[in-house]
Amino acid sequence: MSSAFEVRGGNRLKGDIVPQGAKNEALQIISAVLLTPEKVTISNIPDILDVNLLIELLADIGVAVNRVSRDTCEFTAANIDMAYLQSAEFKKKSGRLRGSVMIAGPLLARYGKAYIPKPGGDKIGRRRLDTHIIGFEKLGVQFVYDTDDNFFRLEAADGLKGTYMLLDEPSVTGTANIVMAAVMAKGTTTIYNAACEPYIQQLCKMLNSMGANISGVGSNLITIEGVTSLKGCSHAMLPDMIEIGSFIGLAAMTQSEITIRNAGVEHLGIIPEKFRQLGIHLELRGNDIYVPAQDSYEIQTFLDGSILTMYDHPWPGFTPDLLSIVLVVATQAKGSVMIHQKMFESRLFFVDKLIDMGAQIVLCDPHRAVVIGLGREHALRGITMSSPDIRAGVALLIAALSAEGKSTIQNIEQIDRGYQYIDERLRRLGADIKRV
Ligand SMILES: CC(=O)N[C@H]1[C@@H](OP(=O)(O)OP(=O)(O)OC[C@H]2O[C@@H](n3ccc(=O)[nH]c3=O)[C@H](O)[C@@H]2O)O[C@H](CO)[C@@H](O)[C@@H]1O
Ligand SMILES: C=C(OP(=O)(O)O)C(=O)O
């Protein structure tokens, strides 16, 4: 696969686009197939690098994988090769994605043992696993951590026992991991300060359909009554809300009229409102989102007239994964906004590329950037740049599509990790983009 996008900016795009199945839901759901020896059928799976890698990893461990169609897979985890989990190959492959960390919870539930090599994912700041490990410990797991290769060996010698726990922070993958570990623990597990975003809700819904007994779904207090075994099920992934937010931003930035079909609007929480705060018009039409072509958009101020701040917060707050998109869209707005990325400390450095393109941004510190919108007084100019992480990569792509002239975006594996056939789908909307 080639590794750069060549983009000629300035085209107004037009048409319909259907979001892919959600990447971050898929990573949880596909890990959960390890909880049963029975067949689990999963549909609306996005065809993206991270998800394909996780599927490959499961196949390596011994899960029978039958790809029924491009977006549907049957998984049967009847025989698991626990020895493989200590191999150099497993460590290497796991290190290529974040989601690999979530195979630990199900393995602990089923076999009382698991191994976590240093996970991959975006290099966007420290990404500690304390919430996962401390949660497992509370369930009766002992661990040994090898600092040389960042390898956790986990074992519940006396089995897992339900308990009350108050999480240090509402970690998304941490909550998923602990829930999966607890579904077959003895007795009742109560998790307070749990993450409660739609993907966690989807995971709990799936586990309940497999025979688990989870209540409090959608809240930050999850109660799990342990059961002895789980059975197979079918599950369909929600549309990817981060992709949906990216398309809203793309439409506004390129002055395009785009309809995002089957957007799962009831699961989007505060996302549409955040784009409206940037002055972007969008209409929810049934399950679709219609974004009209807009010559300009004006960032709102707070009620007292002071400059708007947009910051990330655990669900139902605004996801950190859309702050890079909001930031790039603000560069062509009228008005100013402070972007405050509270969760990750290295996610805003990509603004230097936007500044090179002509955007007016002050990076105050690693967490905060002030964007002074150009109000379309002049266009950004195309440059050659490299994509540092998945969302910054797409933010740069959006900038390039709106810019004057040619841009080259290198390191697009970062974008391919999370956006399915993105060049092909954007071309269908009229974008001038090719892989080189
Ligand atoms: C595979 C997957 O699903 N990845 C997502 C998941 O990562 P992941 O589950 O790894 O992220 P966590 O929820 O654990 O936390 C993300 C970061 O935010 C910090 N933190 C978290 C909660 C909090 O209240 N305060 C705080 O500072 C954590 O210390 C950590 O550095 O959730 C993140 C937060 O939505 C998203 O960016 C990732 O795309
Ligand atoms: C940070 C992200 O992904 P990961 O957790 O897989 O690195 C993301 O999806 O924006």
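Counting restarts for each chain: residues are numbered from 1 in the order of the written sequence. Going through the entries in the order they are written, you letter the chains from A and number the ligands from 1. For this predicted model, a pLDDT threshold of at least 70 governs which residues receive local features, and a threshold of 80 or more governs which side-chain atom pairs are given and counted, while totals over whole chains, interfaces and linings are taken from all residues.

### Some words on the domain arrangement of the protein
So, point 1. For each domain, the first and last residues come from an automatic or database assignment. We note that the domain assignment places domain 1 (4-20 + 239-435) and domain 2 (23-236) within the protein.
So, point 2. The C-alpha-based centres of domain 1 and domain 2 are spaced at 31 Å.
So, point 3. Any two residues are considered in contact once their C-beta atoms, placed from the backbone, lie within 7 Å. Listed as interface residues are 17 residues of domain 1 and, on the opposing side, 16 residues of domain 2.
So, point 4. Residues are grouped as follows: Ala, Val, Leu, Ile, Met, Phe, Trp, Tyr, Cys and Pro are nonpolar; Asp, Glu, Lys and Arg are charged; every other residue, Gly included, is polar. By residue class, the composition of the side of domain 1 that touches domain 2 is five nonpolar, five polar and seven charged.

### So, the site of ligand 2
So, point 1. Using the backbone to place each C-beta atom, any residue with that atom within 6 Å of a molecule or strand is considered near it. Surveying the vicinity of ligand 2 reveals the residues Lys23, Asn24, Asp50, Arg98, Gly121, Asp122, Asp321, Ile390, Arg391 and Gly418.
So, point 2. Contributing elements (two or more residues each) for the shell around ligand 2: α1 (23-32) and α12 (390-402).
So, point 3. Taken together, the residues of the shell around ligand 2 break down into one nonpolar, three polar and six charged.
So, point 4. Here the shell around ligand 2 gathers at least three residues from each of two domains, domain 1 (4-20 + 239-435) and domain 2 (23-236). Every helix listed is a DSSP run of H or I at least four residues long, and every strand listed is a run of E at least two residues long, numbered separately from the N terminus.

### Things to note about the nonpolar core
So, point 1. Residues of type Ala, Val, Leu, Ile, Met, Phe, Trp, Tyr and Cys that are buried and joined through C-beta atoms within 7 Å form what is called a nonpolar core. Burial in this document is a count-based property: other C-beta atoms within 10 Å of a residue's C-beta are tallied, and the residue is buried at 20 or more, exposed at 12 or fewer, or partly exposed in between, with C-beta positions derived from the backbone. Ranked by size, the top nonpolar core spans 144 residues in total, and within it Leu108, Val179 and Val183 carry the most contacts.
So, point 2. Tallying contributions element by element places α12 first for this core, with ten residues.
So, point 3. For this core, the two domains that each supply at least three residues are domain 1 (4-20 + 239-435) and domain 2 (23-236).
So, point 4. Residues within four places of valine 179 in sequence aside, it is in contact with Leu203, Cys204, Ile214, Ile222 and Ile224.

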